[in-house]
Amino acid sequence: MSESEAAIPIAPGVVLARCPKPQSHTGMVTMVAIDAGAGGVLLVDSGMSDYMPAALSPALTLLGRGVRDVTAVCSTHGHRDHTGGIPAIREVSGARSYFSPHDIDLAGFAPDVPVSGGDRISRGDVTLDVVETPGHTAGSVCFYEPIRRLLIVGDSVQGTGSARKLPVYYGSGRQYRASIRSLLELPVDLMVVGHPLEWQGGHTSVFRGADCQGILTASLRASEVIAAATEAVLRASLTTDLAASRSAILGRLAAAPTFAQFDPGEPVEEDTDATLLSELGDLTGSEKP
Ligand SMILES: [Zn+2]
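Residues numbered from 1 in each chain as written. Predicted model: local features only at pLDDT ≥ 70, side-chain atom pairs only at ≥ 80, totals over all residues. Heavy atoms only, no water.

J.: Could you clarify how one ought to interpret the coordination of the zinc ion in this entry?
T.: Metal coordination angles in their ideal form are 109.5 degrees for the four-donor tetrahedron and 90 or 180 degrees for the six-donor octahedron. Looking at the zinc ion, the protein donor atoms are H77 (NE2), H79 (ND1), H136 (NE2) and D155 (OD), and they sit 2.2 Å from it. Around the zinc ion, the 4 donor atoms sit at angles spanning 89 to 169 degrees, and that spread fits a shape best called irregular. Read in sequence order, the donor residues for the zinc ion give the motif H-x1-H-x56-H-x18-D. Taken together, the residues H136 in the loop between β9 (126-132) and β10 (141-145) and D155 in the loop between β11 (150-154) and α5 (173-183) connect sequence positions 19 residues apart. Relative accessible area serves as the criterion here: at 3%, H136 is assigned to the buried category. (Donors = N, O, S within 2.8 Å, 3.2 Å for Na, K, Ca; no water. Tetrahedral: all angles 85-135°; square planar, octahedral: opposite > 155°, others 65-115°. Helix = DSSP H or I, 4+ residues; strand = E, 2+ residues; numbered from the N terminus. Buried < 20%, exposed > 50% of the residue type's maximum accessible area, 1.4 Å probe, protein only.)

Spelled out as structure tokens, the structure:
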């Protein structure tokens, strides 16, 4: 199995689809297509508008299906790489869209069905449980399929970043960590993330068995280290100004074993500031845009 293929079967009736995201660090966003028999196909995350629905076709072909068979598009959050393809898919298939009302501003449109924690989305013999996991965005959710113990997390699990990038969250670090702690309570055998994460020397979007707990725990730990570094610099410098404290925080992180691969030299991807602002906001109680 190659992580660069456009479509990868990951379980009976479940195929991972790939949509290009050229300007990003990983260059792609994942979608998950689940065959629900007479209920059609449930899709989790929609890909980018420019590439949809074409980018979905290889995955649907592996299921013996077409775009017309998609009956539900369930987005893990409102970012455009997870909701942008909804209109193009809906135009072909009439599928209903599901995501949190807290992320409507990010998506630029409202879902057909707003979802919140505890909701269930059913098609045929497949049911997805909605698990609220705010942090990356206010409206981030995960979808859990109990029969396969399949957990689809979108961007709610960020791993430990990369050479030029920290784990990215725009909402609240505290919420991001609380959300991961709640995911660690679930029995999970198969987990899919929204973008390939660096893990054990490679890049992967699909985690199995003990690696599910492994990446969740590593993601939680990485965020705890970021929070501790931010708080330490804030206490020492007595400033809440990101421009004044940024290089000190990044320097501390580069020295931490968790971020051994992180190199805070320029250019650090701009999303890094979003994460630091989330932590600063938690510490100062300030509102973020
Ligand atoms: Zn996102």
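J.: Help me understand the pattern of salt bridges in this model?
T.: Think of it this way: side chains of opposite charge can pair up when their charged atoms draw near. As enumerated under the stated definition, the model contains 12 salt bridges in all. A salt bridge links R181 to E224, with the shortest nitrogen-to-oxygen separation between them at 3.5 Å. Taken as a pair, R181 in helix α5 and E224 in helix α6 (residues 210-237) lie far apart in primary sequence, 43 residues in all. Residues participating in the shared-partner salt-bridge network are R181, R221 and E224. (Salt bridge = Lys/Arg side-chain N within 4 Å of Asp/Glu carboxyl O.)

J.: Help me understand the UniProt feature "domain: Metallo-beta-lactamase" (unreviewed entry) in the chain in this model?
T.: The UniProt record marks residues 28-195 with the feature "domain: Metallo-beta-lactamase" (unreviewed entry), using the residue numbering of this structure. Its end C-alpha atoms 6 Å apart, residues 28-195 is made of 20% helix and 30% strand. (UniProt positions renumbered as here; feature names shortened; annotations may be inferred.)

J.: Mind showing me how you'd approach the packing of α6 against helix α8 (residues 271-284) here?
T.: The axes of two packed helices give the description: the angle between them and the distance between them. In the contact formed by α6 and α8, the axes pass within 10 Å of each other and the chain directions differ by 60 degrees. With respect to α8, the axis of α6 lies oblique. Where α6 crosses over α8, the handedness of that crossing is right-handed. From α6, S223, I226, A227, T230, E231 and L234 reach across to α8, where they touch T275, L276, E279, L280, L283 and T284. (Axes fitted to C-alpha atoms, helices over the stretch in contact; angles between N-to-C directions. Parallel < 35°, antiparallel > 145°, perpendicular 65-115°, else oblique. Left-handed = near helix turned anticlockwise from the far one by under 90°. Contact = heavy atoms within 4.5 Å.)

J.: How should I be thinking about the sheet that holds strand β7 (residues 113-114) in this particular structure?
T.: Through backbone hydrogen bonds, the strands of a sheet pair up, either in parallel or in antiparallel fashion. With mixed pairing, the 7 strands of this open sheet are ordered in space as β1-β2-β3-β4-β5-β6-β7. Every interior strand has two partners, whereas the edge strands, β1 (7-11) and β7, have only one. Contacts from helix α3 (residues 86-93) reach β4 (41-44), β5 (70-74) and β6 (96-99), with the element oriented near 165 degrees to β5. (Pairing = 2+ DSSP bridges.)

J.: Is there a simple way to explain the packing of α5 against α6 in this structure?
T.: Where α5 meets α6, the axes come as close as 10 Å, and the angle between the chain directions of the two elements is 160 degrees. Between α5 and α6, the angle falls in the class roughly antiparallel. For the pair α5 and α6, the sense of crossing is left-handed. Residues G173, Y176, R177, I180, R181 and L183 of α5 pack against L216, S219, L220, S223, E224 and A227 of α6. For the contact of α5 with α6, the per-class residue count stands at 6 nonpolar, 3 polar and 3 charged. (Nonpolar A, V, L, I, M, F, W, Y, C, P; charged D, E, K, R; others polar.)

J.: Could you clarify how one ought to interpret the packing of aromatic side chains in this entry?
T.: Two descriptors summarise a pair of aromatic rings, namely the distance from one centre to the other and the angle between the planes of the rings. Per the stated rule, a full pass over the model turns up 4 aromatic pairs. Taken together, a centroid distance of 6.5 Å and an interplanar angle of 70 degrees make the contact between F259 and F262 edge-to-face. Overall, F259 belongs to the buried group, its relative accessible area being 0%. (Phe/Tyr/Trp six-rings, centres within 6.5 Å; stacked < 30°, edge-to-face > 60°.)

J.: Would you mind showing me how to read unusual backbone geometry here?
T.: Peptide bonds are trans in most cases, and residues, glycine excluded, mostly fall at negative phi. Between M52 and P53 the backbone carries a cis peptide bond, its omega angle lying at 5 degrees. With respect to the helices and strands, P53 occurs in the loop between β4 and α1 (57-62). Positive phi, close to 75 degrees, is recorded for D45, a residue that is not glycine.

J.: Hey, could you run me through the nonpolar core in this one?
T.: For soluble globular proteins, the rule of thumb is that nonpolar side chains tend to be buried together. In terms of nonpolar packing, the biggest core is built from 39 residues, with L151, L183, M191 and L253 touching the most fellow members. Where this core is concerned, the elements lending two or more residues are β10, β11, α5, β12 (190-199), α6, α7 (242-255) and α8. If one sorts the elements of this core by residue count, α6 sits on top with 11 residues. If near-sequence neighbours (up to four positions away) are discounted, L151 is found in contact with C142, F143, Y144, L183, L186, V188, L190, M191 and V192. (Core = buried A, V, L, I, M, F, W, Y, C linked by side-chain atoms within 4.5 Å.)

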